[in-house]
Structure formats: structure tokens, C-alpha cells
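What follows is each chain in one-letter form.
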Amino acid sequence: MERTCRLLLLLSTLVYCSLGQGGASLSVSPDRSQFFEFESVSLSCEVQGNSTGWRVMRNAERGNLSECSTDWGKHQGSSCIVSLIPSSSGVYWCESGSGEHSNAVNITVHVGAVILESPALPVTEGYSVTLRCRYQGTPSDLTAVFYKDGSLIRAETTGEITIPAVSKSDEGLYKCSSSKGESPESWMTVTGPTPIPSPAVPVLSMSTPIPSPAVPVLSMSLPRLLCSILVGSPYLLVTIILLVKGCRSRTQEYKPETISKDC
């Protein structure tokens, strides 16, 4: 009967988590789903924007739906502090006056000697998670055996097991046992990593033509151009002088002699 009630609570948790969320999340401190009797837990609604009207709700094992500070819990600032007793086991979530709600968390209060410390909130893929078998007293033997979905994982003399990088395949029901007793089962949820937005790539717009570099235009008068050429080219000037002299000497060489006539 007890296992059936826990399975119904787990089913309720999955149903609440599958519904749409209204921009709010339930935080749990400490972040674990199992507690001993007379321990306390702090629950708070983290809302994006105005948090007015949001309250912590509970659906207990007996099906009693109520909110914090009615017959359980007390407000301390924006948090709801719950002193846990066996009837505190149930599904907790945040809800607004308009019916919006957050993620749901299943909390189990155990009256036995052993609980499993596992995260109550979803774990992101790739992160490290430690599951710890905790004893109410101080036993000399810390050896614990861990199970997932009813199948043996392994035994650890330290009383804890670490998954270095969780994946979706690690999602499931976990429990532990030792010579002092056995813990209840708790569901560990694994979510995908949050996508990182890609940086914006600037796009070159071709609508505006890129102006061509201006071509300098030579503006110079003819006399100044000739003067610049002559001054800048002394070899050309010497060549012209030699050609002129050569032409004059050849002209004088072929000039016909004057024939004198006798009067």
C-alpha cells in the first residue's frame, strides 16, 4: 500500500511537470527529495517579473490540496518553511491566482533510519551528481548498496556514489540499503543542456554601392609640361642639343660653293 501511494505521488509529480509553466520555478533548500521526520525544508517561488499572488501549494499523500500557512508551513519572507512530519510527504509546487503553476517537486518524509540524499530538482546533462545514503544515527559501518529502477548498481564503502557526467539514461528511480535499513525510492530527473545562442553574424548589404577610389586627374599646361620633362630628363636635353649640332654641321658640309663670275 505504501509503495502504491508513492507511485501515485510520482505519477502526480510527472503530470504537474508535463503541464505548461507560467514563468515561475519552485526552489528547494536543501535540494533533496527525502528527509527524516522533524527536519525542515525551505520552499520558495522564483518568479520572472511580479511575484504577487504566487503561493506554495501541496498535494499530500491523502489527496489533501492546500497552500502554505493554512494547516502546514509558515511564511518567512518570500519562503515557506515546513517542519516535516510523515503527513508532509507529497507533491509541492508554486501556483498563481490565475491558475498558472511552476515545476513540481516530490518530497518524502521517512520515519526509518536510512534515507537517500538525491536532488529534488532536475539535473542538467553533463553535470556531476552525488547520491548519498544517509543514516539517522552515527553508524560505524558506512557501506551502502545502491539501486536504480530495482537493479543493483554497486556497493560503496563510503556510503555515496558519484555520477561524474549525468545523461538522460541516468534518469530513474534510485534507492539505497545498508545493515541499518533501506531508503525509500526517489525519482531523479535529467534535463538537456540549455542552448547557448549563437553570436549575430554581420551581413554585408549590397544595396548601397561601394564607391570606387577617386582617380587623380592630371591638370597641367603645355609649357609647364615641357619644362617638367626637360628639367626632369637631362639626358633627353643633351641628346636634342647633339642632334641639332649634327644637323647644322651636315648642312654646312653640303652647301654648294659660290661661283664667281668675271665682270
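Structural data are supplied above this passage.
Scoring rules and cut-offs
- Residues numbered from 1 in each chain as written.
- Predicted model: local features only at pLDDT ≥ 70, side-chain atom pairs only at ≥ 80, totals over all residues.
- Heavy atoms only, no water.
- Disulfide = S-S within 2.5 Å.
- Helix = DSSP H or I, 4+ residues; strand = E, 2+ residues; numbered from the N terminus.
- Buried < 20%, exposed > 50% of the residue type's maximum accessible area, 1.4 Å probe, protein only.
- Salt bridge = Lys/Arg side-chain N within 4 Å of Asp/Glu carboxyl O.

**Topic: the state of the cysteines**
Now for step 1: Counted according to the given criterion, the structure contains three disulfides.
Now for step 2: Covalent S-S linkage joins Cys68 and Cys80, the inter-sulfur distance amounting to 2.0 Å. Taking the sign of the torsion about the S-S bond as the criterion, the disulfide between Cys68 and Cys80, at about 95 degrees, is right-handed. Of this pair, Cys68 sits in the loop between β5 (65-67) and β6 (74-76) while Cys80 is found in strand β7 (residues 79-83), placing the two residues twelve residues apart along the sequence.
Now for step 3: With a sulfur-sulfur separation of 2.1 Å, Cys133 is cross-linked through a disulfide to Cys176. In this structure the cystine formed by Cys133 and Cys176 twists about its S-S bond by roughly 85 degrees; its chirality is therefore right-handed. One end of the pair, Cys133, is in strand β12 (residues 129-135); the other, Cys176, is in strand β16 (residues 172-178), with 43 residues separating them in the sequence.
Now for step 4: The class for Cys176 is buried, based on a relative accessible area of 0%.
Now for step 5: Indicated for the chain is the disulfide connectivity 1-4, 2-3, 5-6, based on numbering the bonded cysteines in sequence order.

**Observations concerning the pattern of salt bridges**
Now for step 1: In total, this model carries twelve salt bridges according to the counting rule given.
Now for step 2: Taking the shortest distance from any N to any O, the salt bridge between Arg134 and Glu117 comes out at 3.4 Å. With Arg134 in strand β12 and Glu117 in strand β10 (residues 114-117), this residue pair connects regions lying 17 residues apart in the sequence.
Now for step 3: In this structure Arg134 comes out as partly exposed when scored by relative accessible area, which is 25%.
Now for step 4: Glu171 is paired through a salt bridge with Lys168; the nearest N and O atoms lie 3.5 Å apart.

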